[in-house]
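# Residue-level structure breakdown
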Amino acid sequence: MALGLTDPLTALSFSAMPLEQLTEYHRALVAARRDVDHWRRLILARIDLAVASVADLDEPLTPPGLYGTVCDPPADLRRLIGIAPTDVRAGEGGLLIRLRGALEELSRYEKMLEAVTAEAASMLAHRTGALA
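Let us look at the structure shown here. (Residues numbered from 1 in each chain as written. Predicted model: local features only at pLDDT ≥ 70, side-chain atom pairs only at ≥ 80, totals over all residues. Heavy atoms only, no water.)

## What about the overall build of the protein?
Heads up, the condition is: Numbering of helices and strands runs from the N terminus; a helix is a DSSP stretch of H or I covering at least four residues, while a strand is a stretch of E covering at least two. Relative accessibility decides the category of a residue: with a 1.4 Å probe and only protein chains considered, values under 20% of the type maximum give buried, values over 50% give exposed, and everything between is partly exposed. The contact criterion used throughout is that any non-hydrogen atoms of two residues lie within 4.5 Å. Residue exposure ignores everything except the shown protein chains as possible cover, and the areas themselves are Shrake-Rupley values with a 1.4 Å probe.
For the protein, the helix and strand inventory stands at four helices and zero strands. Of all 132 residues assigned to the protein, the portion counted as buried reaches 24%. The contacts of the protein with a sequence gap of at least 6 include a subset with a gap of at least 24, amounting to 79%. By element, 63% of the accessible surface of the protein is carried by carbon and sulfur atoms, the whole surface being about 9000 Å².

## Details of the environment of P73
Position of P73 among the secondary structure elements: in the loop between helix 2 (19-54) and helix 3 (77-80). C-alpha of P73 to C-alpha of L61: the two residues are twelve residues apart in sequence and 6.9 Å apart in space. Beyond its immediate chain neighbours, meaning those up to four positions away, P73 contacts P60, L61 and T62.

## What to know about the pattern of salt bridges
For the record, the criterion: For this analysis, a salt bridge means a side-chain nitrogen from Lys or Arg found within 4 Å of a carboxyl oxygen belonging to Asp or Glu.
Evaluated as defined, the whole model comprises five salt bridges. Notably, a salt bridge pairs R27 with E24, separated by 2.5 Å at the nearest N-O pair. In this pair, R27 and E24 are both assigned in helix 2, three residues apart and thus about one turn of the helix distant. The class for E24 is partly exposed, based on a relative accessible area of 44%. Notably, a salt bridge pairs D37 with R40, separated by 2.2 Å at the nearest N-O pair. Of the two residues, D37 and R40 both sit in helix 2, three residues apart, roughly one turn of that helix. Owing to a relative accessible area of 25%, D37 belongs among the partly exposed residues under this scheme. Within the structure, one salt-bridge network assembled from shared partners comprises D37, R40, R41 and E110.

## Regarding the side chain of R127
Put simply, the rule is: Contacts described as polar in this section are N or O atom pairs within 3.5 Å, which, within protein, must combine one atom able to donate a hydrogen with one able to accept it, while residues neighboring in sequence count only if both atoms come from side chains.
Mapped onto the secondary structure, R127 falls in helix 4 (residues 92-131). A distance of 3.2 Å separates a polar atom in the side chain of R127 from the backbone oxygen of F14.

## Regarding unusual backbone geometry
Note on backbone geometry: most residues besides glycine have negative phi, and most peptide bonds are trans. Phi is positive for D76, which is not a glycine, with a value near 55 degrees. For D76, a relative accessible area of 40% corresponds to the partly exposed category.

## Here's the deal with the nonpolar core
The condition that has to hold: Residues enter a nonpolar core if they are buried and are Ala, Val, Leu, Ile, Met, Phe, Trp, Tyr or Cys, with the set joined through side-chain atoms within 4.5 Å.
Ranked by internal contacts, the top residues of the largest apolar core, which has 18 residues, are F14, L22, L29, I43, I47, L99 and A120. At the level of elements, helix 2 and helix 4 are the ones that each hand at least two residues to this core. At ten residues, helix 4 tops the list of elements feeding residues into this core. Once residues lying within four places of it in the same chain are set aside, the contact partners of I43 are L99, A102, L103 and L106.

## Quick word on the environment of D48
One can find D48 in helix 2. A relative accessible area of 54% means that D48 is categorised as exposed. Considering only alpha carbons, one finds D48 and L96, 48 residues apart in sequence, at a separation of 9.2 Å.

This is how it looks when you write it as C-alpha cells:
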C-alpha cells in the first residue's frame, strides 16, 4: 500500500480497485473538483451582487458639461446585472446569509474532494510505479 495516504479505508478501497477503474475514478474526482471551483466562483460573484444590491451605490453619472458626448456611461447598469434599484432591496440581506452558508458548506466539500483526489492520485502513482 502507498505511504502517506490520509484515510486507510479509502486507501484500502483504492488498492482493491482495478487500475482502469481507479484511473476513471480519479478523472471523475478531478472533474468534480473543477465543478466545485466553478460553483464557488459563481457563489462569490452572487455575493458581490447581493452586496452591491444593498449598497447605496447609484448608477454612474456623466459629469456636467459632458452630456451628449461619447463619454456617457451605459444606462441601467443595476438592471442589466440583475440587482434591484437602490430604493428596492427585497431580501438581499437574507440571501447574503444563505450564500455565505452555502460557500462554507462548499468549502468543506471541496476539502474532502481534495483529500480523496490526492489519495487516488497517490495510489495511482504507487500502483503504476509498481507495475513499471
